[in-house]
Amino acid sequence: MSSNPLKITDTILRDAHQSLLATRMCTGDMLPIADRLEAVGFWALEMWGGATFDSAMRFLREDPWERITALRKRIPTTKFQMLLRGQNVVGYKHYPDDIVEKFVELSVKNGIDIFRIFDALNDIRNMEWAIKCVKKYGGHVQASFSYTISPVHSIDGFVAMSKELKALGADSICIKDMAALCTPYAAYELVSRLKKEVGLPVQFHTHNTSGFAMATLIKAVEAGVDIVDTAISSIADGTAQPPTESMVAALQGTDRDTGYDLNLLADIADYFKEVRTKHLSKFEMGLQITDVRVLLYQIPGGMLSNLVSQLRQQNAMNRYAEVLKEVPRVREDMGFPPLVTPTSQIVGTQAVVNVLTGQRYKIISQEVKEYCRGMYGRAPAPLNPELVKLAIGDDQPITVRPADLLEPGLEKAKKEIGTLAQSEEDVISYAMYPQVAKEFLTLRRDGQTRPIELPRIPADKPAAEAKPAAAAPAPASSAPAATQPAQSAWKMSGRTDK
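Definitions and limits used
Residues numbered from 1 in each chain as written. Predicted model: local features only at pLDDT ≥ 70, side-chain atom pairs only at ≥ 80, totals over all residues. Heavy atoms only, no water. Buried < 20%, exposed > 50% of the residue type's maximum accessible area, 1.4 Å probe, protein only. Helix = DSSP H or I, 4+ residues; strand = E, 2+ residues; numbered from the N terminus. Pairing = 2+ DSSP bridges. Right-handed = clockwise from strand over helix to strand, strands pointing away. Core = buried A, V, L, I, M, F, W, Y, C linked by side-chain atoms within 4.5 Å. Contact = heavy atoms within 4.5 Å. Phe/Tyr/Trp six-rings, centres within 6.5 Å; stacked < 30°, edge-to-face > 60°. Lys NZ or Arg CZ within 6 Å of the ring centre and 35° of its normal. Axes fitted to C-alpha atoms, helices over the stretch in contact; angles between N-to-C directions. Polar contact = N/O pair within 3.5 Å; in protein donor to acceptor, adjacent residues only side chain to side chain. pLDDT = per-residue confidence, 0-100.

J.: Just checking my understanding: could you explain the pairing of strand E6 (residues 172-177) for this structure?
T.: Along any regular strand, the residues point their side chains to alternate faces of the sheet. With 6 of 6 residues buried, E6 lies mostly within the body of the structure. Here E6 shows a buried face lined by Ser 172, Cys 174 and Lys 176 and a second buried face lined by Ile 173, Ile 175 and Asp 177. Pairing of strand E5 (residues 140-146) with E6 involves 5 bridges; the strand directions are parallel. Looking at the pairing, Phe 145 lines up with Ile 175 of E6. Viewed along the sheet, the connection from E5 through helix H8 (residues 155-167) into E6 turns out right-handed. As judged from the 5 bridges shared by E6 and strand E7 (residues 202-206), these two strands associate in the parallel manner. Its bridge partner lying in E7, Lys 176 is registered against His 205. Once you follow E6 into helix H9 (residues 184-197) and on to E7, the crossover reads as right-handed.

J.: Looking at this structure, I do not really get the nonpolar core. What am I missing?
T.: Across soluble globular proteins, nonpolar side chains show a tendency to be buried alongside one another. Among the nonpolar cores identified, the biggest contains 109 residues, and Phe 103, Phe 204 and Phe 272 are the most heavily contacted of them. Examining the composition of this core, we find that 7 residues originate from one element, helix H12 (residues 262-283), more than from any other. Once residues lying within four places of it in the same chain are set aside, the contact partners of Phe 103 are Trp 48, Phe 53, Trp 65, Met 82, Leu 84, Val 89, Val 90 and Ile 428. Tyr 320, Val 347, Tyr 361 and Tyr 371 belong to the second-largest nonpolar core, a separate cluster that totals 33 residues.

J.: I tried to follow the packing of aromatic side chains on my own but got confused; where do I start?
T.: Each aromatic ring pair is characterised by the separation of its centres together with the angle its planes make. A full pass over the atoms with the stated rule returns 12 aromatic pairs. Look at Phe 53 and Trp 65: their rings are 5.8 Å apart centre to centre, the planes differ by 90 degrees, and that puts the pair in the edge-to-face class. Of the two residues, Phe 53 sits in helix H4 (residues 52-58) while Trp 65 sits in helix H5 (residues 64-74), which places them 12 residues apart along the sequence. With respect to burial, Phe 53 and Trp 65 carry one shared label: buried. The interplanar angle of 55 degrees and the centroid separation of 5.4 Å between the aromatic rings of Trp 65 and Phe 103 together place this pair among those described as tilted. Taken together, the residues Trp 65 in helix H5 and Phe 103 in helix H6 (residues 97-110) connect sequence positions 38 residues apart. For the cation-ring pair, Lys 79 lies above Trp 43, with the distance from its terminal atom to the ring centre recorded as 4.1 Å. Here the guanidinium or amino end of Lys 176 rests over the ring plane of Phe 118, the centre of that ring lying 4.5 Å away.

J.: Whenever I open this one, the sheet that holds strand E2 (residues 44-49) confuses me. Can you help?
T.: In a beta sheet, neighbouring strands pair by backbone hydrogen bonds and run either parallel or antiparallel. As summarised here, the arrangement of the 8 strands in space is E1-E2-E3-E4-E5-E6-E7-E8, forming a closed barrel in which the pairing is parallel. Averaged over neighbouring strand pairs, the angle between their axes works out to 25 degrees when direction is ignored. Running over the sheet, helix H7 (residues 125-136) touches strand E3 (79-84), strand E4 (114-117) and E5 and is turned about 160 degrees from E5. Of the strands in this sheet, E5 and E6 are in contact with H8, which crosses E5 at around 155 degrees.

J.: What am I meant to see in the pairing of E2 here?
T.: Burial runs high along E2: 6 of the 6 residues are buried. For strand E1 (residues 7-10) and E2, the ladder comprises 2 bridges, and the chain directions are parallel. Bridge pairing links Asp 10 to Leu 45 in E2. Relative to E3, E2 runs parallel, the two sharing 5 bridges. Residue Trp 48 lies in a different strand from E3, and its bridge partner there is Met 82.

J.: Looking at this model, I keep getting lost on unusual backbone geometry. Mind explaining?
T.: Among all residues except glycine, the phi angle is most often negative; among peptide bonds, the trans geometry is most common. Looking along the chain, the bond that leaves Thr 341 and enters Pro 342 is cis, with omega of 5 degrees. Structurally, Pro 342 can be placed in the loop between helix H15 (320-333) and helix H16 (343-357). One non-glycine residue, Val 89, lies in positive phi territory at about 60 degrees. Along the chain, Val 89 turns up in the loop between E3 and H6.

J.: It is not clear to me how H5 should be interpreted in this structure. Could you clarify?
T.: Structural remark: α-helix, 3.6 residues per turn; residues separated by three or four positions point the same way. Where H5 is concerned, the buried positions are Pro 64, Trp 65, Arg 67, Ile 68, Ala 70, Leu 71 and Arg 72. Looking at where H5 begins, the residue whose side-chain oxygen comes 2.9 Å from the main-chain nitrogen of Trp 65 is Asp 63.

J.: Any chance you could explain the confidence of the model for the protein here in plain terms?
T.: Chain-level statistics for the protein give a pLDDT mean of 90 and a share of 89% at 70 or above. Predicted confidence is poor over residues 459-496, with pLDDT under 50, and the contacts of this stretch with residues over four places away or in other chains come to 101 contacts.

J.: What is the right way to read the environment of Ser 210 from this model?
T.: Relative to the assigned elements, Ser 210 resides in the loop between E7 and helix H10 (213-222). Discounting residues that sit within four places of it in the chain, Ser 210 has contacts with Ala 180, Thr 290, Asp 291, Val 292, Val 294 and Leu 295. Looking at Ser 210, its side chain comes within polar contact range of the main-chain oxygen of Ala 180, at 2.8 Å.

J.: Just checking my understanding: could you explain the environment of Asp 257 for this structure?
T.: Residue position: Asp 257 is located in the loop between helix H11 (244-251) and H12. Judged by its relative accessible area of 17%, Asp 257 falls in the buried class. For the pair Asp 257 and Pro 5, spaced 252 residues apart in sequence, the C-alpha to C-alpha distance is 5.1 Å. In this structure the side chain of Asp 257 is engaged in a polar contact, spanning 2.9 Å, whose partner is the backbone nitrogen of Gly 259.

Structural data, given as structure tokens:
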């Protein structure tokens, strides 16, 4: 093996199926291959966080916490990594500090090692408490910035932000290129500067929506990146990560040779090919694998599928091109937020409403109003004053960290869920998603859930799928009934981009 091998985090158990299979891979489909995943020697397996927490309860009728412990029994040594949305945790809103802390404490207790922490606006205030909590409970803080391109974003800015994150206690830095915008030579410059000026291990995360992810990762490797994200080939590429086997083969015989066994990886790929086949007709969206429009409109792959879902529900797929063009206009009006959960959905849904109503901001979603109030954090650039006026009138946006306005929520959650909760984990599940968790916990109490080891494809729609309005995890929009399905489609699809 090389003296300086590239480390790989495989995303097959989280972002790969979140990106391509609507987050529907169940734990029962993961367990049979777990011993072979353990044998590879990955730096880490990304296997939790993002949309998996919600989807496990909502669509698979699984306890998301049990997924960690079940996999840990089969994968005793490989590090487990999760995606943590800062103060949003694994939800779509800000949660009180006491809930964030208890979530982190329980995540470490159950087996999460590495916490990739980010904020949709790159507002460090929304990351700081989560970073402190992970440090307190002994986890690895992988502080991340959401890579994007705009008149107010630059490599200088990303390096400066990384220095701030290092000062807060970050153990490593992640370049989170959720929209596949980082070109190979930009990656080389960015990684080089981070290695030189920040001095922490650097991990690179991208998707292959734009078609040049492998080239980008190779240039990042040349620049000295420590770790990259890839996915086993049978659930890779397109809106997911580039293939693990391709990266391993590309580096064989070089000074960055991973040393991984390609035969073992091929065996794992064969297994997941069968898993994917079970999901094909139900949950794949039929979008083209490579879509260069992401470079023109900066729309992440998961967001593209969300837009398609919204337009299909409105029988308006003929307006798709108009929506693509409207997204960057809305983004500019909102101060150029990176398009990542939840800002991608907020921007995308408003763009859909603007196009379908025929008048920009005739209807403004509740989420856009809250964004204009500053309830999601500090935007990268000033907002369009006309939009702010339409959204919140003469109200003044807040200037404090949004979570500073929240009352503690843990004791309230305990009282509300009562005896349905059998553990602290159940209480936190309820605090994250009250309606979804209460329904799941009720089914579990009544003996209507299956053991987590059993594979399941949600062929019969569970109640949360059949009744979208009752299960939506974020506040309802102010849109009229005619556009309401478009407002909630991304929430119900399980297809968040991060």
